[in-house]
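What the coordinates show
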Amino acid sequence: MRRLFLLISFLTLILTGIFGGISPVFGAVQGPIDMLDAVNALRQENGLSPYEFDAGLMASAQIHADYMAEIGEITHVRADGSGPEDLGFFENVAGGQNLTIQVAIYSLWSDPDHWSTMVGMRFGKAGVGVAEKDGIVYYVLQVKKVQTGLEGQPTPDYNVTADPQLVNPVITVTPQLDGSIIHEVLDGQSLWSIATTYGITIAEIIQWNNLAPTPVIFPGERLLVKPQPTATTTPTITLTPVPATRTPTPTMTPKTPTATATITLTPTITPKPPFSVYNMEKSQRSTVGIVLVALCGLGLLTVAYFGFIRK
């Protein structure tokens with residue numbers, strides 16, 4: 001029966017890997033059967049029957065593990081927007097760098113909601129998917145509660161395991177004087193629940209506390225969940241000298257030229273001739289003409305006499 005179980009599981013995972021785009025993980029990384037065995041071992045510790053292997057859930061879980069590895073995100077939402085509540089099963093998902101099954105079960109899934117998926121029902125069917133990409137391992141556990149007859153009856157105390165003190169809610173701690181916060185781990189608290197309560201990431205807790213890449217925390221361990229605030233350096237204010245106010249050069253106002261006295265020339269009176277022939281009567285001009293001719297003739301006679309004849 002055990003061999004048949006493993007054969008069916010192996011064939012289911014191979015087919016899922018072929019059609020899902022990302023190959024199932026075997027070898028160095030623990031596989032789906034290892035996860036289901038670990039969950040059933042936890043159920044046995046709590047006095048419960050092991051989950052029944054379900055080929056349909058195995059295929060569904062592997063498809064979702066491959067999808068998370070493809071998009072690099074830990075989510076309950078499928079590519080079509082559906083979730084576990086739409087598909088009729090309970091689901092735990094986890095992912096981390098080289099994440100092991102033990103860390104996933106006893107650290108990441110130790111809060112009440114995830115814990116009840118593993119030990120919260122008396123009987124059920126389960127499927128597990130495991131995928132790995134770029135060193136990140138993704139786990140998916142899907143559980144469907146058996147709904148018929150005695151198998152459909154819930155456990156007497158749905159959220160309580162064999163140890164009633166196993167899970168303690170995470171309560172935030174008052175910051176210390178320097179502003180940092182130190183959280184002391186209690187039974188059942190996980191890095192996931194601590195990070196969620198303080199609004200930080202698991203990667204930040206690992207970094208601030210120098211934890212291993214796949215850490216396992218223990219009750220009583222003190223974790224730094226908020227570092228001391230870094231003092232902000234106040235920038236030095238450099239006073240810029242105020243430039244000297246320039247005295248404006250007065251603008252020369254052009255003077256209105258003084259009016260220069262202009263010398264008005266007195267017109268020279270042109271002397272009038274003693275007489276003018278133009279103002280004489282015609283008869284007078286004729287007389288004047290005759291007189292002038294006579295005088296000219298007399299002058300010529302005088303010149304001839306003294307110039308030529310008298311010699």
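Here's what I pulled together on the structure shown here. (Residues numbered from 1 in each chain as written. Predicted model: local features only at pLDDT ≥ 70, side-chain atom pairs only at ≥ 80, totals over all residues. Heavy atoms only, no water.)

**Here's the deal with the overall build of the chain**
Within the chain one finds 9 helices and 6 strands. Of all 311 residues assigned to the chain, the portion counted as buried reaches 34%. The long-range fraction of contacts in the chain, counting pairs at least 24 apart against all pairs at least 6 apart in sequence, stands at 67%. For the chain, the exposed area adds up to about 20600 Å²; of that, 61% sits on carbon and sulfur atoms. (Helix = DSSP H or I, 4+ residues; strand = E, 2+ residues; numbered from the N terminus. Buried < 20%, exposed > 50% of the residue type's maximum accessible area, 1.4 Å probe, protein only. Contact = heavy atoms within 4.5 Å. Areas by Shrake-Rupley, 256 points an atom, 1.4 Å probe, with all protein chains shown as cover.)

**Regarding the nonpolar core**
In this structure, Met 35, Leu 99, Ile 105, Trp 109, Met 118, Tyr 139 and Leu 141 are the most contacted members of the largest nonpolar core, which totals 29 residues. Where this core is concerned, the elements lending two or more residues are helix H2 (32–45), helix H5 (101–108), helix H6 (112–119), strand E3 (124–133) and strand E4 (136–145). Considering each element in turn, this core owes the most residues, 6 residues, to H2. Not counting chain neighbours up to four residues away, the residues in contact with Ile 105 comprise Met 35, Ala 38, Val 39, Leu 42, Ser 110, Trp 115 and Met 118. Counting residues in hydrophobic clusters, the runner-up holds 12 residues, among them Val 170, Val 185, Tyr 198 and Ile 205. (Core = buried A, V, L, I, M, F, W, Y, C linked by side-chain atoms within 4.5 Å.)

**Some words on a nonpolar patch on the surface**
A cluster of nonpolar residues, Val 291, Leu 292, Leu 295 and Leu 298, forms a patch on the protein surface that exposes about 380 Å² of accessible area. Along the polypeptide, Leu 298 turns up in helix H9 (residues 282–309). (Patch = residues over 30% accessible without salt bridge, like charges linked within 9 Å, V, L, I, M, F, W, Y side chains within 5 Å. Salt bridge = Lys/Arg side-chain N within 4 Å of Asp/Glu carboxyl O.)

**Focus on the packing of H2 against H6**
Two elements in contact, H2 and H6, have axes whose closest approach is 9 Å; the angle formed by their N-to-C orientations is 90°. With respect to each other, H2 and H6 are oriented roughly perpendicular. Contacts from Val 39, Leu 42 and Arg 43 in H2 reach Trp 115, Met 118 and Val 119 in H6. Its residues placed into classes, the contact of H2 with H6 shows 5 nonpolar, no polar and 1 charged. (Axes fitted to C-alpha atoms, helices over the stretch in contact; angles between N-to-C directions. Parallel < 35°, antiparallel > 145°, perpendicular 65-115°, else oblique. Nonpolar A, V, L, I, M, F, W, Y, C, P; charged D, E, K, R; others polar.)

**Observations regarding the packing of aromatic side chains**
A complete count under the given rule lists 1 aromatic pair for this structure. With centroids separated by 6.3 Å and ring planes inclined at 65°, the aromatic side chains of Tyr 106 and Trp 115 adopt a geometry described as edge-to-face. A relative accessible area of 5% means that Trp 115 is categorised as buried. Just above the ring of Tyr 51 sits the side chain of Arg 43; from NZ or CZ to the centre is 3.9 Å. (Phe/Tyr/Trp six-rings, centres within 6.5 Å; stacked < 30°, edge-to-face > 60°. Lys NZ or Arg CZ within 6 Å of the ring centre and 35° of its normal.)

**Description of helix H8 (residues 202–209)**
Given 3.6 residues to a turn, an α-helix orients residues that are three or four positions apart in the same direction. Residues of H8 that are buried: Ile 205, Ile 206 and Asn 209. Buried positions in H8, seen along its axis, are confined to an arc of 100° and lie on one side of it. Of the exposed residues in H8, those oriented more than 90 degrees away from the buried face are Ala 203 and Gln 207. Considering only its buried residues, H8 is in contact with helix H7 (191–198) and strand E6 (222–226). Where H8 terminates, the next one or two residues include Asn 210, which has phi positive at roughly 55°. (Arc of directions from axis to C-beta.)

**Description of the pattern of salt bridges**
Counted under the stated rule, the structure contains 1 salt bridge. Among the ionic pairs, Arg 78 bridges to Glu 91, the shortest N-O distance being 2.4 Å. Residue Arg 78 is located in the loop between helix H3 (55–71) and helix H4 (84–87), and its partner Glu 91 is located in strand E2 (residues 90–97); the two are separated by 13 residues in the primary sequence. For the residue pair Arg 78 and Glu 91, the accessibility class agrees, reading buried in each case.

**Re H3**
The first and last C-alpha atoms of H3 sit 25 Å apart over 17 residues, in line with the 24 Å expected at 1.5 Å per residue. Taken together, the buried positions of H3 are Leu 57, Met 58, Ala 61, Gln 62, His 64, Ala 65, Asp 66, Met 68 and Ala 69. Of the residues trailing H3, Gly 72 is marked for its positive phi of about 65°. (Expected span 1.5 Å × (residues − 1).)

**A few points about the sheet that holds strand E1 (residues 52–53)**
A sheet is described by the order of its strands in space; here 4 strands give the open sequence E1-E3-E4-E2, paired in mixed fashion. A strand with exactly one partner marks an edge of an open sheet, and here the two such strands are E1 and E2. Taken strand by strand, H2 contacts E1, E3 and E4, and its axis lies near 135° from that of E3. (Pairing = 2+ DSSP bridges.)

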